[in-house]
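# Analysis of the macromolecular model
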Amino acid sequence: MKRRRIPRPVHAVICLAVLLLIPVFFRLEYGPPAAWGEEAVLRRAERQYLRAPGEVIATWSDTNIQDFAVWDGSEVQVYDTMWESRGAFYGPERTPKPKPIVHRYIRATLWPDSRERGWGCPGNLTSVWRSSTSEWVRSLPLLIKNDDPAAVRGHLAVTAHDDSKDSGSIHLYVWHAEAERENPWVFLFFVTPQQRGNQPLQVMNRIANGRDWNGEITAEAEIVWYGEDGEELYRQHIELIETETEGSEE
């Protein structure tokens, strides 16, 4: 039996209809195109938290989270944006959902900003690739304000004391990080401990939150600022954790 062919005009109409349905599918599945990107959810978060639109000065990502450091003209903030992930396992059958064709950002959260601390602000813990050991390690972003044009590089040393019940004894941690100037206002340091285990992560989490209500963990940092010729310009000391007890008054 001879196979019946679709007339060319009909075939063209079918192809055109399919092409028109593709953007409709994306619109229904992921929302308006302008809402897919991280910048759109970032700007919505700025309005939500009553912040003026700022300039993105740094970004870093971890799994399905994209972080943005934003300079608003006088202060720096970090926004934690998350995109939809369908690659994880769901339900009792542990069957993975297909990964989305595009990243749809679903929320953005304002991390504590420099107006609360003055010196700058931390970011949420992220993962950094350590080439010396070929592994991913947890790292703490610290954004330090410095608008002195003479300062082109900084060396940061974090000193932390852990006297928590979980540690069993007093632990002293000293961590180092370096950063070069990439914008006129803020230096971004990634503090990556050499030690492994939950205790260093606990200390870094307390630093990220900026407070320790039990008075068990303290942390401070000293930044040595260097000029273009490598000469030391000056030093800056900051408190990374505010120690207070529950029920204490401001």
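All values derive from a computational prediction rather than experimental measurement.

Moving on: the sheet that holds strand β15 (residues 232-239). Spatially, β11-β10-β14-β15 is the arrangement adopted by the four strands of the open sheet, whose pairing is antiparallel. Because the sheet does not close on itself, it has two edges, and the strands there are β11 (171-180) and β15. Looking at each pair of strands side by side, their axes are set apart by 15° on average, direction ignored. Taken together, the 10 bridges between strand β10 (residues 153-162) and strand β14 (residues 217-226) define a ladder with antiparallel strand orientation. Bridging across to β14, H161 finds its partner in T218.

With 12 residues, helix α4 (residues 198-209) extends 16 Å from end C-alpha to end C-alpha; this agrees with the ideal 16 Å at 1.5 Å per step. Within α4 the residues assigned to the buried category are Q199, P200, Q202, V203, M204, R206, I207 and A208.

With that out of the way, let us pick up the side chain of Q77. Within the secondary structure layout, Q77 lies in strand β3 (residues 76-83). Engagement of the side chain of Q77 in a polar contact is seen with the side chain of D72, the distance being 2.8 Å. In this structure Q77 touches R51, F68, A69, V70, D72, L110, D113 and C121, once residues within four positions along its chain are discounted.

Attention now moves to helix α2 (residues 38-48). Among all positions in α2, only V41, L42, A45 and E46 are buried. End-on, the buried residues of α2 take up no more than an arc of 145°, which puts them together on one face. Looking one or two residues beyond α2, the residue adopting positive phi is L50, at roughly 60°.

The next subject is unusual backbone geometry. A positive phi is found at L50, a non-glycine position, where the angle reads about 60°. Residue position: L50 is located in the loop between α2 and β1 (55-62).

Turning to its location among the elements, R51 is positioned in the loop between α2 and β1. Residue R51 is classed as buried on the basis of its relative accessible area of 16%. For R51, the residues in contact, after removing those within four places along its chain, are E46, Q77, Y79, L110, D113 and R115. A polar side-chain atom of R51 sits 2.9 Å from the main-chain carbonyl oxygen of Y49. At 2.7 Å, the side chain of R51 and the side chain of D113 are in polar contact.

The next point concerns the packing of aromatic side chains. Taken as a whole and assessed by the stated rule, the structure comprises six aromatic pairs. Ring centres 4.7 Å apart and planes at 55° place the aromatic pair F187 and W225 in the tilted group. Remark: W225 occurs in strand β14 and F187 occurs in strand β12 (residues 186-191); sequence separation between them is 38 residues. As far as the burial class goes, F187 and W225 line up, both buried. An aromatic cluster of at least three residues, connected via ring pairs, comprises F187, F189 and W225. The ring of Y226 has R153 sitting right over it, with the charged end atom 4.3 Å from the ring centre.

This brings us to the nonpolar core. One finds L142, I144, L156, V158, F189, I207 and L240 to be the most contacted residues of the largest nonpolar core, which totals 39 residues. At five residues, β14 tops the list of elements feeding residues into this core. Beyond its immediate sequence surroundings of up to four residues, V158 is in contact with L142, Y173, V174, W175, V191, I207, E220, A221 and L240. Listed in part, the eight residues of the second largest apolar core include V41, Y79, A108 and L110.

The rules we used
Residues numbered from 1 in each chain as written. Predicted model: local features only at pLDDT ≥ 70, side-chain atom pairs only at ≥ 80, totals over all residues. Heavy atoms only, no water. Pairing = 2+ DSSP bridges. Helix = DSSP H or I, 4+ residues; strand = E, 2+ residues; numbered from the N terminus. Axes fitted to C-alpha atoms, helices over the stretch in contact; angles between N-to-C directions. Expected span 1.5 Å × (residues − 1). Buried < 20%, exposed > 50% of the residue type's maximum accessible area, 1.4 Å probe, protein only. Polar contact = N/O pair within 3.5 Å; in protein donor to acceptor, adjacent residues only side chain to side chain. Contact = heavy atoms within 4.5 Å. Arc of directions from axis to C-beta. Phe/Tyr/Trp six-rings, centres within 6.5 Å; stacked < 30°, edge-to-face > 60°. Lys NZ or Arg CZ within 6 Å of the ring centre and 35° of its normal. Core = buried A, V, L, I, M, F, W, Y, C linked by side-chain atoms within 4.5 Å.

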